[in-house]
Amino acid sequence: MSTYTVSLPGPGPWGFRLQGGKDFNMPLTISRISPGSKAAQGNLIQGDVIVAIDGVSTDGMTHLEAQNKIKMANYNLALTIQTLKQVIPISSLVTFLKQVKRDQRQFICGYC
């Protein structure tokens, strides 16, 4: 799991839906991203956990408190995110894609 900060240029709408909070006994999580939105352009994904909003920890924050904090951001929204996504080195990706292409050729040709 990695943690990083995303800065979205304001003003809203930001293009994501929030779920969870202290009152739901769940971490504040992004449940939906609108295609083409500022959140999508910031590479946020469904399931990302928001651990801070504009530098304020979300630990113990209710859903409504988080919503209000997000709505107060006019010029910029800084979200500190915990995510499961990993950065894959480009060399590993190229190797993987070459292997997939080779496997497809063998499958199509029947090892010709």
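Rules used throughout
Residues numbered from 1 in each chain as written. Predicted model: local features only at pLDDT ≥ 70, side-chain atom pairs only at ≥ 80, totals over all residues. Heavy atoms only, no water. UniProt positions renumbered as here; feature names shortened; annotations may be inferred. Helix = DSSP H or I, 4+ residues; strand = E, 2+ residues; numbered from the N terminus. Buried < 20%, exposed > 50% of the residue type's maximum accessible area, 1.4 Å probe, protein only. Contact = heavy atoms within 4.5 Å. Areas by Shrake-Rupley, 256 points an atom, 1.4 Å probe, with all protein chains shown as cover. Arc of directions from axis to C-beta. 1 Å grid on protein atoms, 1.4 Å probe; cavity = no way out; pocket = protein on both sides within 12 Å on 5 of 7 lines; lining within 4 Å. Points joined across faces, edges and corners; volume = space filled by probe spheres on them. Core = buried A, V, L, I, M, F, W, Y, C linked by side-chain atoms within 4.5 Å. Pairing = 2+ DSSP bridges.

- The name that an unreviewed UniProt entry assigns to the protein is PDZ domain-containing protein, with the source organism given as Lates calcarifer.
- Listed in UniProt under the heading Subcellular location (unreviewed entry), the comment for the protein reads: "Cytoplasm".

## A word on the overall build of the protein
Here's step 1: From N to C terminus, the protein includes 3 helices and 6 strands.
Here's step 2: Starting at the N terminus and walking to the C terminus, you meet the elements of the protein as β-β-β-α-β-β-α-β-α.
Here's step 3: Across the 112 residues in the protein, those meeting the buried criterion constitute 29%.
Here's step 4: A sequence separation of at least 24 residues applies to 63% of the contacts in the protein between residues at least 6 apart.
Here's step 5: Carbon and sulfur atoms make up 58% of the accessible area of the protein, which totals about 7,700 Å².

## Focus on helix α2 (residues 63-72)
Here's step 1: Among the residues of α2, H63, A66 and I70 are the ones counted as buried. Viewed along the axis of α2, the buried residues span an arc of 65°, placing them on a single side of the element. Exposed residues lying more than 90 degrees from the buried face of α2 are L64, K71 and M72.
Here's step 2: In the core, the buried residues of α2 are packed alongside β2 (16-21), β3 (26-33), β4 (49-53) and β6 (76-83).

## Quick look at the layout of surface pockets
Here's step 1: Taken as a whole, the largest pocket holds about 200 Å³ of empty space.
Here's step 2: Surrounding the largest pocket, W14, G15, F16, R17, L18, H63, Q67, I70 and K71 form its lining.
Here's step 3: Looking at the lining of the largest pocket, the elements with two or more residues in it are β2 and α2.
Here's step 4: With 4 residues, the single largest contributor to the lining of the largest pocket is α2.

## A closer look at the nonpolar core
Here's step 1: Judged by nonpolar contacts, the single largest core of 19 residues is most densely connected at F16, L44, I50, I53, L77 and L79.
Here's step 2: Sequence-distant contacts of L44, that is, excluding residues within four places in its chain, are made with Y4, V6, L8, I30, I33, A39, L79 and I81.

## Observations concerning the pairing of β3
Here's step 1: With 5 bridges connecting them, β2 and β3 associate as antiparallel partners. Paired with L18 across the strands is I30, a residue of β3.
Here's step 2: Hairpin connection between β2 and β3: a loop of 4 residues separates the two successive antiparallel strands, and N25 in this loop has a positive phi of roughly 55°.

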